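# Structure assessment
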Amino acid sequence: MRNFSYLRATSTAEAAQAAQQAGAMLLAGGTTLLDLAKCGVGEPDTVIDITHLSGMSGITVTADGATIGALARMSEVADHKDILAAFPAVSESLSLAASAQLRNMATVGGNLLQRTRCSYFRDPGAFPACNKRNPGSGCSAIGGVTRNHAVLGTSEACIASYPGDLAVALVAFDAVVETDSRKVDIDDFFLVPGDTPNKETVLQRGEIITAITIPASPAARNSTYLKVRDRQSYEFAAASAAVGLELEADGRTVRDVRVAIGGVATKPWRARAVEQALIGKALTPEALEKASRLAMEGAADHGGNHYKIELAPRVIVRAIQKMGGLA
């Protein structure tokens, strides 16, 4: 067992200052931290408990949008009646994640920062080469078993997929991550691996997520999160899609559409090419089929994950059909 010190922070400023120390890790819901500690990836010297900080667990929804405190529990957000009404895709993404027990413990801030489920990353004893854990050591996944790995946003240094569901929905609807020092568009918050896969977000050492804001829109109100996986519960996505749709008065022409996909990329992936191909067009099966293929532009498989290149467009089509009344 690794010894570590414990600090129960009394303010965000105290937590941020303590978190600047090398080897410090924040404790919120604890589900990710405990998981990483068990597999030998997370080895904190100091655990900083932020669970009791005030003003970081509220959920507020107005006509302009939603503000969700970083310490709000996943289950609380998923079941919030105003989130269900204004952002159904956000609620569904949370309800389809993890187990009921974990959703009751895990926070939305911690959910955004969860680490990849790449088995090579999570087994340092058997696979010491991992650029996320040990920059410059190599990527054991390349040439290995890759069924659950990414086909978009990959590099020669890393092909690990981002595992979360909530972030996919938030990316679709232009959410903003608020920290103790700034605001960041969520699509810019997550980083593709490039040559530095150990850097997964733009957060600096000691910077703490305090809230997430989501602007209201007709597309967000008419939205869904579709998740395809190997089993119906407690499983990560093989491919998923967060979709929002607004039609013109004729009920056929697309005024606005939002599409983000998960399970297939190294970060939550906004499919802007799909959106651009559909806006202003009649929502027909042919148009959907053609546009959905654009989501896979630049995709590169590593054998076992080739199926995702075919699966992801189908998930997009199904989700948009559901929202457009075509399913």
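Residues numbered from 1 in each chain as written. Predicted model: local features only at pLDDT ≥ 70, side-chain atom pairs only at ≥ 80, totals over all residues. Heavy atoms only, no water.

As annotated in an unreviewed UniProt entry, the chain carries the name FAD-binding PCMH-type domain-containing protein and is attributed to Rhizobium dioscoreae.

In terms of nonpolar packing, the biggest core is built from 54 residues, with Val90, Leu112, Leu170, Ile186 and Ile214 touching the most fellow members. In terms of residue count, helix H8 (residues 166–172) provides more of this core than any other element does, seven residues in total. The residues touching Val90, leaving out its near neighbours within four places in the chain, are Ile83, Leu166, Ala169, Leu170 and Ile214. Formed by 32 residues, the second largest nonpolar core is a distinct cluster that contains Ala239, Leu245, Ala291 and Val315. (Core = buried A, V, L, I, M, F, W, Y, C linked by side-chain atoms within 4.5 Å. Buried < 20%, exposed > 50% of the residue type's maximum accessible area, 1.4 Å probe, protein only. Helix = DSSP H or I, 4+ residues; strand = E, 2+ residues; numbered from the N terminus. Contact = heavy atoms within 4.5 Å.)

What follows covers the packing of aromatic side chains. Evaluation of the coordinates by the stated rule reveals three aromatic pairs. Judged by centre distance (4.7 Å) and plane angle (75°), the rings of Tyr120 and Phe127 are edge-to-face. On the accessibility criterion, Phe127 (29% relative accessible area) is partly exposed. Here the aromatic residues Tyr162, Phe189 and Phe190 are joined through ring pairs into a cluster of three or more. (Phe/Tyr/Trp six-rings, centres within 6.5 Å; stacked < 30°, edge-to-face > 60°.)

So, on to the pairing of strand E6 (residues 176–179). Of the two faces of E6, the one lined by Val176 and Glu178 and the one lined by Val177 and Thr179 are each fully buried. With three bridges connecting them, E6 and strand E7 (residues 183–185) associate as antiparallel partners. Residue Val176 lies in a different strand from E7, and its bridge partner there is Asp185. Two successive antiparallel strands, E6 and E7, enclose a turn made up of three residues. When E6 meets strand E8 (residues 209–215), the two strands line up antiparallel, connected through four bridges. By the bridge assignment for E8, Val177 is matched with Ile212. (Pairing = 2+ DSSP bridges.)

Now for the packing of helix H12 (residues 285–292) against helix H13 (residues 307–324). Between H12 and H13, the least distance of the axes is 9 Å, while the angle of their chain directions is 140°. In this structure, H12 crosses over H13, and the sense of that crossing is right-handed. The segment H12 lies against H13, with Leu288, Glu289 and Ser292 engaging Pro313, Ile316, Val317, Ile320 and Gln321. Broken down by class, the residue content of the contact of H12 with H13 amounts to five nonpolar, two polar and one charged. (Axes fitted to C-alpha atoms, helices over the stretch in contact; angles between N-to-C directions. Left-handed = near helix turned anticlockwise from the far one by under 90°. Nonpolar A, V, L, I, M, F, W, Y, C, P; charged D, E, K, R; others polar.)

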